[in-house]
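Structure at a glance
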Amino acid sequence: MNNKISFSAIIAKQSDAHSVLSFAAKSSDILKFAAIERIGREDDGSLKGFQRPQVNNHIHEIRDYLKQDDAVLPNPIVVAFTQGVSIKNVSENFVEMTIDLTNGQPGLVVDGQQRLSALSEIGGKDFEVFVSGLICRDEAELRKQFILINNTKPLNKSLIYELLPTVDGLPARLASKSMAAKFIETLNFDETSSLHGLIKQHTHPDGIIADTSIQKVVLGSLSDGACRELMEDGGFAKAVALISNFYAACQEVFPEAWLGQTPKSSRLMHGAGIMAMGYVMEYLFARNGSQTKEEFIKGIQILVGNTAWTSGSWELGPDEEDRWRWNEIQNVTKHIQMLAAYLIQVLKHGTNPYTRQPKLV
């Protein structure tokens with residue numbers, strides 16, 4: 001059995017750190033050397049793979065089109081390799097590329113997974129398509145290229161954010177979110193975290209709290225808040241513990257608004273509540289130096305009787321128009337800031353400054 005497959009390819013001179021090639025290959029051959037490794041988590045919570053889930057309707061549309069006699073597919077499948085490939089120069093810009101299949105598929109599809117899945121289903125027609133081959137020095141570089149290639153197209157942002165902690169050397173607009181993503185990963189998969197398993201991510205769709213909500217809390221704190229202060233001393237663990245301790249306190253002080261609840265049934269679990277309470281965390285840290293669960297419990301206990309997480313109304317100001325039903329608060333900047341300002345006013349005054357009537361929790 002021949003465990004190697006060769007192609008005549010054109011090589012482009014783009015980077016000393018990579019080899020970029022273009023060649024034509026039958027779909028059956030591509031499936032021999034390229035795998036679609038969809039993103040997921042190992043048992044210990046570590047990230048594996050990096051592709052998005054299959055979109056069956058889209059695949060079926062491509063498949064039905066490719067079955068037609070006049071079908072064309074000019075867009076290349078992009079496949080990245082970290083090993084199992086050798087290149088032999090033939091002439092300027094022309095090479096012979098040999099792929100070793102001894103240990104299975106050495107290539108990973110970086111772009112074009114839906115097209116390749118459709119090609120695998122057409123049957124009886126070995127369609128030939130262009131392949132762009134990218135030889136990377138390691139897995140981290142491969143993930144980086146996946147992010148950069150796909151970030152210009154509509155792609156699940158949750159998937160991008162989960163990949164960020166595994167990649168170095170990204171553009172500033174993405175690198176700034178990498179640390180926040182590392183926080184979320186730790187909070188969601190560390191069994192000692194109060195948010196363990198509760199954050200909804202691309203690889204953890206059973207979570208309840210939106211990852212983007214926690215991300216905004218972390219990003220704000222890292223920018224000019226408590227986590228920034230703790231991180232300046234190299235205290236990643238302390239900063240993560242701060243957030244875990246705060247939301248542990250929320251769970252204990254407002255159990256009926258947390259346990260068994262969803263964003264639809266409780267505004268505490270909703271993005272607006274999560275982010276508004278993030279401002280409360282910052283306020284208590286700045287005013288009292290609160291860091292432990294017990295310190296946060298003492299601080300937010302004052303809010304009991306002045307919230308409407310699951311029923312009743314919020315008295316967010318002195319006027320009638322400032323009265324909001326509990327579920328009218330939405331995940332928009334204006335509402336989040338309004339709710340956060342109200343909660344902090346209660347902390348400052350020890351009660352609702354706009355009314356002394358008790359509120360439903």
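It should be emphasised that the depicted structure is a prediction, and the values quoted were computed from it without experimental measurement. Residue positions are counted from 1 within each chain, in the order its sequence is given. The model is predicted, so local features are restricted to residues of pLDDT at least 70 and side-chain atom pairs to those at 80 or more, both for listing and for counting; the totals for chains, interfaces and linings are taken over all residues. Side-chain numbers come from the whole structure's heavy atoms, not from hydrogens or water.

Digging into the environment of Leu 163
- Structurally, Leu 163 can be placed in helix α5 (residues 157-163).
- A simple rule labels every residue: compare its accessible area, found with a 1.4 Å probe on the protein chains alone, to the largest value its type can have, and call it buried under 20%, exposed over 50%, or partly exposed in between. Overall, the relative accessible area of 0% leaves Leu 163 in the buried class.
- Counting along the chain gives 18 residues from Leu 163 to Ala 181, while the straight-line C-alpha distance between them is 8.2 Å. Helix and strand assignments follow DSSP, with helices taken as H or I runs no shorter than four residues and strands as E runs no shorter than two, numbered in order from the N terminus.

Quick look at the sheet that holds strand β10 (residues 128-135)
- Read from one edge to the other, the open sheet built from 8 strands follows the order β3-β9-β6-β10-β2-β1-β8-β7, with strand pairing classed as mixed. Since the sheet does not close on itself, it has two edges, and those belong to β3 (34-35) and β7 (85-91), each with one partner.
- Here strand β2 (residues 19-26) pairs with β10 via 8 bridges, running antiparallel. Note on β10: the bridge partner recorded for Phe 23 is Val 131. For two strands to be treated as a pair, DSSP must find no fewer than two bridges joining them.

Quick word on the pattern of salt bridges
- By convention in these notes, a salt bridge is any Lys or Arg side-chain nitrogen within 4 Å of a carboxyl oxygen on Asp or Glu. Counted under the stated rule, the structure contains 9 salt bridges.
- Across the pair Arg 228 and Glu 232 runs a salt bridge, and its minimum N-O distance is 3.7 Å.
- By relative accessible area, which is 42% here, Arg 228 ends up partly exposed.
- Its relative accessible area of 58% is what places Glu 232 among the exposed residues.
- In this structure, Glu 320 and Arg 323 form a salt bridge, with 3.8 Å as the shortest nitrogen-oxygen distance.
- One network of salt bridges, in which partners are shared, links Arg 63, Asp 64 and Glu 121.

Some thoughts on the confidence of the model for the protein chain
- For the protein chain, per-residue confidence averages 87 on the pLDDT scale, and 88% of positions sit at 70 or higher.
- Per-element mean pLDDT across the protein chain ranges from 56 in strand β5 (residues 47-48) up to 98 in helix α12 (residues 293-300).
- Across residues 356-361, confidence stays below pLDDT 50; counting only partners more than four residues off in sequence or on other chains, it has 20 contacts. In predicted models, pLDDT denotes the confidence assigned by the predictor to each residue on a 0 to 100 scale. Here a residue-residue contact requires only that any non-hydrogen atoms of the pair lie within 4.5 Å.

Re the packing of aromatic side chains
- When two rings of Phe, Tyr or Trp (its six-membered ring) have centres within 6.5 Å they constitute a pair, described as stacked for plane angles under 30 degrees, edge-to-face for angles over 60, and tilted for the intermediate range. One pass over the structure, following the stated rule, counts 11 aromatic pairs.
- Ring centres 5.1 Å apart and planes at 80° place the aromatic pair Phe 246 and Tyr 247 in the edge-to-face group. The same class applies to Phe 246 and to Tyr 247, which are both buried.
- In textbook terms, an aromatic cluster arises when at least three aromatic residues are bridged by ring pairs, as seen for Phe 7, Phe 23, Phe 33 and Phe 81.

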